[in-house]
Amino acid sequence: SALLYTSSAGERRIRVLTQALPTTPLSSELMASIDTEAMCNLLSKQAIEMTLKQNLDTARQRLQQTCVDIIKCAKAGDKRTVSGYTAPPPPGGGGGGGDDQDKPIPENLKLLPLYTLALVKNKALRGGTDVHPDERVQAMNTLGAMWVTQSKNYIYPRMFSIHDMDPSAGLPSVDSVKVDDKSPSTAGRNRVLLPKIVNLSVDRLTSEGIFLLDNGIDMYLWVGRSSNQAATNALFGVPSLENVDMSQINLQTKGNDHASRLDAIIQSLGEDETHNITPKVTIVREGDERLESRFFWHLVEDRASFSG
């Protein structure tokens, strides 16, 4: 673009603004450059816009079709072109051969189908009548205003296994930097070590377990009915949550090692850049239909229980 203007000295000048963008004729290079998390952030905003213009079902179908098209193009690889048109491979199978369906998904796109599935089941876009209109609008506004780092966990939350966490979980890391992907994850200013992350599926829940789910806005602490009495007493001050008035139950933050470490984990997650507000921790007792149904919304790897 160019700007024609007059300087303070009365001189007529032209200021030219240029921008250099990388280009490539190869679709394989284009697909290899895709950032899946940034892509999902963009797709979520497009889906919200389509929902407002048309309806939820159309937006979800467009999301799924976009994911299919991207994966299909990534698997297809580079196509031989002649004068700008796709040409058939040369005789003798020199074009790479093989069925595109048999080719692996590129490493940087392997999580795209999972994130798309999670986005379709997100509170902002999920179907059914169990989401109040006001709540859906709030979720749309929240998701539409999120940066990539914030939308990552809002689309695909993290669920931590608390009942069997490592003795070092909840304590500051002694390493100044993360060595590799196999190193324990950390969060917060003090680089507090986090427990192991489990898949977002009801199959990973056990009646003996305690799990913390974090989506960047809310936190849910799911407690199994047969959870360890010592751990339950350390966290809530009672040996069991069965037949207890949940309105009188508060999460302990100090007084014992287990409670102190869990509080450190929750505080460190709240300090992370994925959070833009102080998270609220909701205690969910196994068998509590009202709270469990909302908790299960976030278990996106399970079959969807809504229609429409």
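Keep in mind that what you see is a predicted model, and the values were worked out from it rather than measured. (Residues numbered from 1 in each chain as written. Predicted model: local features only at pLDDT ≥ 70, side-chain atom pairs only at ≥ 80, totals over all residues. Heavy atoms only, no water.)

## Points about the state of the cysteines
Tallied over the full model, the rule gives zero disulfides. Not part of a disulfide, C67 finds its nearest cysteine sulfur in C40, a span of 8.0 Å. (Disulfide = S-S within 2.5 Å.)

## Some details on helix 9 (residues 289–297)
The set of residues buried in helix 9 consists of L291, E292, F295 and W297. Buried-residue contacts for helix 9 involve helix 5 (133–144), strand 5 (158–161), strand 9 (210–214), strand 10 (218–223) and strand 11 (280–285). (Buried < 20%, exposed > 50% of the residue type's maximum accessible area, 1.4 Å probe, protein only. Helix = DSSP H or I, 4+ residues; strand = E, 2+ residues; numbered from the N terminus. Contact = heavy atoms within 4.5 Å.)

## Some points on the nonpolar core
L109, L143, M159 and F295 are the most contacted members of the largest nonpolar core, which has 43 residues in total. Only helix 2 (36–53), helix 3 (56–76), helix 4 (112–120), helix 5, helix 6 (148–155), strand 9, strand 10 and helix 9 provide two or more residues apiece to this core. No other element matches the seven residues that helix 3 contributes to this core. With sequence-adjacent residues up to four places away left out, L143 is seen in contact with S44, K45, I48, L119, N122, A124, S151, Y154 and I155. Counting 24 residues, the second-largest nonpolar core is a separate cluster that includes A169, I210, V223 and L262. (Core = buried A, V, L, I, M, F, W, Y, C linked by side-chain atoms within 4.5 Å.)

## Comments concerning helix 8 (residues 257–271)
Taking 1.5 Å per residue, 15 residues should reach 21 Å; helix 8 reaches 21 Å between its end C-alpha atoms and fits that length. Taken residue by residue, helix 8 has H258, A259, R261, L262, I265, I266, S268 and L269 as its buried positions. N-capping of helix 8 is provided by N256, with a side-chain oxygen placed 3.2 Å from the backbone N of H258. (Expected span 1.5 Å × (residues − 1). Polar contact = N/O pair within 3.5 Å; in protein donor to acceptor, adjacent residues only side chain to side chain.)

## Things to note about the side chain of E135
Its location among the elements puts E135 in helix 5. Taking relative accessible area as the criterion, E135 reaches 18% and is therefore assigned buried. Those residues in contact with E135, other than ones at most four positions away along the chain, are K123, R294 and W297.

## Topic: the pattern of salt bridges
Counted by the stated rule, this structure contains 13 salt bridges. Two residues, E37 and K152, come together in a salt bridge whose shortest N-O distance is 3.6 Å. Of the two residues, E37 is situated in helix 2 and K152 in helix 6; the sequence distance between them amounts to 115 residues. The partly exposed category is assigned to E37, whose relative accessible area is 28%. Taking the relative accessible area as the measure of exposure, K152 reaches 37% and is therefore partly exposed. Connected via shared salt-bridge partners are K123, E135 and R294. (Salt bridge = Lys/Arg side-chain N within 4 Å of Asp/Glu carboxyl O.)

## Quick notes on the side chain of H298
Relative to the helices and strands, H298 is located in the segment after helix 9. Polar side-chain contacts of H298 include one of 3.4 Å to the side chain of N215. Setting aside anything within four residues of it in sequence, one finds H298 in contact with P157, L200, L213, N215 and Y220.

## Notes on the packing of aromatic side chains
Under the counting rule described, the total for this entry stands at four aromatic pairs. Consider the rings of F211 and W222, whose centres lie 6.1 Å apart with planes at 50°: the pair is tilted. With a gap of eleven residues between them, F211 in strand 9 and W222 in strand 10 connect regions that are remote in the sequence. W222 matches F211 in its accessibility class, with the two residues each being buried. (Phe/Tyr/Trp six-rings, centres within 6.5 Å; stacked < 30°, edge-to-face > 60°.)

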